[in-house]
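# Reading the structure
Here is what each chain is made of, one letter per residue.
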Amino acid sequence: MGLSSRIFLLSDDDTLHALAGSAFMRMLRKEDNCRIPDFAGQRVRQADLIVEVVDRKPAQVVHQTFCILDFDTEGLLDVERLNLQQFARVEDFVAQMPQSPAPSAGVVVEAARRFIAQGGSWEPDERLQVRLHAAALGKLVCPRVRVVR
């Protein structure tokens, strides 16, 4: 048994595009001017599904995360914006954890972090969720993302 990551980018019409994990890592590291011209100048939904693999066959989806990626006019990923959104999501999660009570005259809500986090996340509807799981398990063929250097 093992785990494997499946990354998909979704176009405006909900078409799933498979993205190689190695290509996504090159994009995050800004290596080789790695870009995706087909999504240039767009905000694109990303789904990352972790699949349990048994005897080299995908068995089930065990975890999933969803975010929104921003690409500039050349098709380069805006890594700084993605990092801000991801850090804000973690900070928001940590802020919701129970803490020891502290005396306070009122409650102050830090909303900026939540707005940043929400701007970089999304949730699929049930129909799309089914398609994502099918694609992650190899039951639905998806076009591959064309990554150029």
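Residues numbered from 1 in each chain as written. Predicted model: local features only at pLDDT ≥ 70, side-chain atom pairs only at ≥ 80, totals over all residues. Heavy atoms only, no water.

What follows deals with the environment of valine 44. The topology assignment puts valine 44 in strand E3 (residues 43-54). Sequence spacing of valine 44 and aspartate 70 is 26 residues, and the spatial spacing of their C-alpha atoms is 6.4 Å. Once you skip the residues sitting within four places of it in the chain, valine 44 turns out to touch Leu9, Leu10, Phe39, Cys67, Ile68, Leu69 and Phe71. (Helix = DSSP H or I, 4+ residues; strand = E, 2+ residues; numbered from the N terminus. Contact = heavy atoms within 4.5 Å.)

The next point concerns the pattern of salt bridges. Counting across every chain of the model gives seven salt bridges. Taking the shortest distance from any N to any O, the salt bridge between aspartate 14 and arginine 45 comes out at 2.7 Å. Of this pair, aspartate 14 sits in the loop between strand E1 (2-10) and strand E2 (16-19) while arginine 45 sits in strand E3, and the two are 31 residues apart along the sequence. Assessed through its relative accessible area of 15%, aspartate 14 is described here as buried. Take arginine 45: its relative accessible area is 21%, and that puts it in the partly exposed class. Between arginine 81 and aspartate 70 there is a salt bridge, with its nearest N and O atoms 3.1 Å apart. Taken together, the residues span a long stretch of sequence, with arginine 81 in helix H2 (residues 79-95) and aspartate 70 in strand E4 (residues 57-70) at a distance of eleven residues. Given the relative accessible area of 37%, arginine 81 is considered partly exposed. (Salt bridge = Lys/Arg side-chain N within 4 Å of Asp/Glu carboxyl O. Buried < 20%, exposed > 50% of the residue type's maximum accessible area, 1.4 Å probe, protein only.)

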